[in-house]
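This is what each chain is made of:
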Amino acid sequence: MKRLTERETLLYLIDLLTDNLDELNFATGEAADQFAYGEKTAYAECLEVIQLWSESEKNGLDYEIEKKYPL
């Protein structure tokens, strides 16, 4: 795997986390819902940390994560 710059790494993480959160919106059933809730919480927290990056808004994190992905 190609080594990434810091910026490329953060952009990759943003895409990965948002894709995973979007997929979790389709989880069904009680067990799936409990597991999905834990995953959503972890992914949302990761995105919130990435929002501390000074360039996060210019790179797609220009929204309130908890509003887009409510827990």
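This is a predicted model, so every value here is computed, not measured.

Draft legend 1. Examining the confidence of the model for the chain more closely. For the chain, per-residue confidence averages 90 on the pLDDT scale, and 93% of positions sit at 70 or higher. Confidence scores differ between elements of the chain, with helix α2 (residues 30-50) showing the lowest mean pLDDT of 87 and helix α1 (residues 6-24) the highest of 94.

Draft legend 2. Local environment of the packing of aromatic side chains. Taken as a whole and judged by the stated rule, the model has 0 aromatic pairs. Between the NZ or CZ atom of lysine 68 and the centre of the ring of tyrosine 63, over which it lies, the distance is 4.7 Å.

Draft legend 3. Looking closely at the side chain of asparagine 59. Relative to the helices and strands, asparagine 59 is located in the loop between α2 and α3 (65-68). A relative accessible area of 15% means that asparagine 59 is categorised as buried. There is a polar contact of 2.8 Å between the side chain of asparagine 59 and the side chain of arginine 7. At 2.7 Å, the side chain of asparagine 59 forms a polar contact with the backbone oxygen of glutamate 55. Contact partners of asparagine 59, with chain neighbours within four places excluded, come to Arg7, Leu11, Ile14 and Trp53.

Draft legend 4. Summary view of the nonpolar core. Counting 13 residues, the largest nonpolar core has Leu47 and Ile50 as its most contacted members. Those elements that provide at least two residues to this core are α1 and α2. Per element, the largest residue contribution to this core is 5 residues, and it comes from α2. Once residues lying within four places of it in the same chain are set aside, the contact partners of leucine 47 are Ile14, Leu17, Thr18, Leu21, Leu61, Tyr63 and Ile65.

Rules used throughout
Residues numbered from 1 in each chain as written. Predicted model: local features only at pLDDT ≥ 70, side-chain atom pairs only at ≥ 80, totals over all residues. Heavy atoms only, no water. pLDDT = per-residue confidence, 0-100. Helix = DSSP H or I, 4+ residues; strand = E, 2+ residues; numbered from the N terminus. Phe/Tyr/Trp six-rings, centres within 6.5 Å; stacked < 30°, edge-to-face > 60°. Lys NZ or Arg CZ within 6 Å of the ring centre and 35° of its normal. Buried < 20%, exposed > 50% of the residue type's maximum accessible area, 1.4 Å probe, protein only. Polar contact = N/O pair within 3.5 Å; in protein donor to acceptor, adjacent residues only side chain to side chain. Contact = heavy atoms within 4.5 Å. Core = buried A, V, L, I, M, F, W, Y, C linked by side-chain atoms within 4.5 Å.

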